[in-house]
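Architecture and fold: a report
If you want the building blocks of each chain, they are given just below.
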Amino acid sequence: MIASQQDSGVHSETYDAVIVGAGFAGLYMLHRLRGLGLSVRVYEQGGDVGGTWYWNRYPGARCDVESMQYSYSFSEELQREWEWSERYAPQPEILRYANHVADRFDLRRDIQLGTRVEAATFHEDESRWSVATQDGKTVSAAYFILATGCLSNARIPDFKGLDRFRGATYHTGHWPHEKVDFTGQRVGIIGTGSSAIQSIPIIAGEALHLFVFQRTPNFSVPAHNASLPPEIEREWKADYTNRRRRAREESRNGILTVIPERGALDDTEEARRLEYEAGWRRGGISFMASYNNLLLDQASNETACEFVRSKIAEIVRDPAVAKLLEPHDHPIGSKRLCVDTGYYETFNRPNVTLVDIRSHSIEEILPDGLRTGGKDYQLDSIVFGTGFDAMTGSVAKIDIRGRAGTTLNQKWAEGPRTYLGLMSAGFPNMFIITGPGSPSVLSNMIVSIEQHVDWISDCVSYMRERNLVVVEATKSAEDHWVTQVNEVASSTLYPQANSWYMGANIPGKPRIFMPYIGGVGAYRQICNGVAARGYEGFRMTSGGHGAIPVAAE
Ligand code: NAP
């Protein structure tokens, strides 16, 4: 029905741009395009704005980037007036911030909530997109912009018997809006990634008993979260412009961190221990900045792994449990480093049991529990901390058709292909914010979102000034970029892990390192250089059939 609506060319409304998603990317994109005088419609499947922070309401959810850095920098007034309460903002506060931004910049009037975009088709004769939504409407837009988020497609593995479970089930990335009360319950949590590691200590404090079903142990460092001292906030705000600039231009991941000019093996064992101790005391993902080569050199990385393993052994009283929690299968940091509050300590509680599901996987979910290793665990509730079909999952759910009716899913069957993570050849006027092939999930997301939104806005503005209608990545520029993304990734330890960065958590998903690892500063320079050279690698035309099909290259 959607296809026939599109084919009929009947559009209920016409916009300059349609944006999918009203998280941090969609909100800022709307603000910028409106500033250029474009008519814009944002479709958001959730019941309110906020994206990730709207959905991930699980107990203990908070950001692993410090509050003073995990916020927009585009408005001087906004960054001065907003006050964060904690070093790492909790989910409700970040959601309040997103809502504040939506209100402060009067964004809501162009956002349609509770509406999934089902399909989008590029019409070559008109050089416009038809966008079909779940409410049965089809609208027309010159630009189609995906602000769908990288970790927005929550995934529950296909466990046998799941539909027969009589208790309650939850996914961390799809948490109910009302308080879930685990008091008096036997709760099972499957997964030990960042989400589970944040929620396990809180659920353990509430449940009668918590069973943690662990397949792969993860490295985690303490957050040392605390209320944000007013003097720290004042100090940041007094130097905000400079610090923001440095995070954008000088850092690898969009987070202002001082990285020593030494590798781990340049120090003696004693000096290294002191350095790691300092990182552990400081807390957070900046632990990986203890040395400049932890993600480049295996032997150096192993020293950091060993330090964290020794901490686990120190904290967890039962040596068998400690052993089970120690990661050995991947270099530290090659999966997103987890940041916790009392995670390892939780395993000293009498009401917490760690269950190894690596040696015996989950055989089936039973009506009143689950079975693994021939043993049945009685459960009232099951929490799935089983992650997301990351980076491409939410895009793949939309039936996107570019030139000659080719679908994006067909084109990306062997893995995502983009030029700069911003556009994919054959899909003119379609932009992806923080798409695969850009630093994206390896960075402070708001820094990368702002950079992409600014770049897209400048590109649209450039085109309008010159009466250009269609912009499209060339296939050769895209091929070259994909090669570069893979080359940079293979010079690091990242591809060694079975991570969601590699698509390894989804059975059948192509194994390709999806984000660009060259660092946000270097990447920004590349993007700016491309724009300064007249959008090198992109073809801009005045539209219609005059546009050169990609296949003609
Ligand atoms: P995740 O890192 O993908 O972790 C999923 C967990 O579920 C893993 O332990 C995985 O085990 C397990 N799992 C998946 N399928 C399974 C199966 N069939 N059987 C048993 N276990 C299974 O997902 P996440 O924890 O939601 O985190 C995703 C990303 O979101 C993070 O890496 C981070 O970037 C972001 N995040 C950030 C924060 C923050 O800012 N503080 C908080 C939460 C999430 P295997 O490892 O064996 O596959």
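What you see is a predicted model; the values in this text were computed from it and never measured.

Here we look at the overall build of the chain
Across its full length, the chain holds 17 helices and 20 strands. The burial tally for the chain puts 59% of its 553 residues in the buried class. Long-range pairs, those at least 24 residues apart, make up 73% of the contacts in the chain between residues at least 6 apart in sequence. Computing the positive centroid from 57 side-chain charges and the negative centroid from 67, the chain places the two 1 Å apart.

A few points about the packing of aromatic side chains
Evaluation of the coordinates by the stated rule reveals 41 aromatic pairs. With centroids separated by 5.6 Å and ring planes inclined at 65 degrees, the aromatic side chains of Trp82 and Trp84 adopt a geometry described as edge-to-face. Measuring from ring centre to ring centre gives 5.5 Å for Tyr276 and Phe307, while their planes differ by 40 degrees; the resulting arrangement is tilted. Here Tyr276, found in helix 9 (residues 269–282), pairs with Phe307, found in helix 10 (residues 298–315); they are 31 residues apart in sequence, far enough to count as distant.

What to know about the sheet that holds strand 9 (residues 209–214)
Here we have five strands laid out as an open sheet, ordered 7-16-8-9-12, and parallel in their pairing. Every other strand in the sheet has two partners, leaving strand 7 (168–171) and strand 12 (352–356) as the edge strands with one partner each. Each strand of the sheet is rotated relative to its neighbour by a mean of 20 degrees, with strand direction disregarded. Bridge count between strand 7 and strand 16 (residues 381–384): four bridges; the pairing is parallel. Following the sheet pairing, Ala168 is matched in strand 16 by Ser381.

A few points about the site of the ligand
By nearness alone, 25 residues border the ligand, and Arg62, Thr192, Ser195, Arg215 and Thr216 come closest of all. Within the backbone of Ser194, one N or O atom sits 3.0 Å away from an oxygen atom of the ligand. Note that an oxygen atom of the ligand is positioned 3.3 Å from one of the side-chain N or O atoms of Lys335. Across the complex, the protein chains shield 87% of the 910 Å² of accessible surface that the ligand would expose by itself. A total of three residues in the shell around the ligand trace back to one element, the largest contributor, which is helix 6 (residues 194–204).

Details of the domain arrangement of the chain
Split by domain assignment, the chain resolves into domain 1 (8–153 + 390–472 + 515–535) and domain 2 (162–384). In this complex, domain 1 contributes 38 residues to the contact, which on the side of domain 2 involves 41 residues. Between domain 1 and domain 2, roughly 3500 Å² of surface is buried when both sides are summed, and carbon and sulfur atoms account for 48% of that area. Among the residues of domain 1 in contact with domain 2, Tyr58, Met68 and Arg87 are the three that bury the most area, contributing 21% of the side total. Put simply, domain 1 and domain 2 have one salt bridge between them. Measuring nitrogen to oxygen at the nearest pair gives 2.8 Å for the salt bridge that ties Arg336 to Asp64. With four residues, the single largest contributor to the side of domain 1 that touches domain 2 is helix 4 (residues 76–81). Among the residues making up the side of domain 1 that touches domain 2, the classes are represented as 16 nonpolar, twelve polar and ten charged.

So, how was this worked out
Residues numbered from 1 in each chain as written. Predicted model: local features only at pLDDT ≥ 70, side-chain atom pairs only at ≥ 80, totals over all residues. Heavy atoms only, no water. Helix = DSSP H or I, 4+ residues; strand = E, 2+ residues; numbered from the N terminus. Buried < 20%, exposed > 50% of the residue type's maximum accessible area, 1.4 Å probe, protein only. Contact = heavy atoms within 4.5 Å. Lys, Arg positive; Asp, Glu negative; His and termini not counted. Charge placed at Lys NZ, Arg CZ, Asp CG, Glu CD. Phe/Tyr/Trp six-rings, centres within 6.5 Å; stacked < 30°, edge-to-face > 60°. Pairing = 2+ DSSP bridges. Axes fitted to C-alpha atoms, helices over the stretch in contact; angles between N-to-C directions. Near = heavy atom within 4 Å. Polar contact = N/O pair within 3.5 Å; in protein donor to acceptor, adjacent residues only side chain to side chain. Areas by Shrake-Rupley, 256 points an atom, 1.4 Å probe, with all protein chains shown as cover. Domains from an automatic or database assignment. Buried area = accessible area lost by both parts, 1.4 Å probe. Salt bridge = Lys/Arg side-chain N within 4 Å of Asp/Glu carboxyl O. Nonpolar A, V, L, I, M, F, W, Y, C, P; charged D, E, K, R; others polar.

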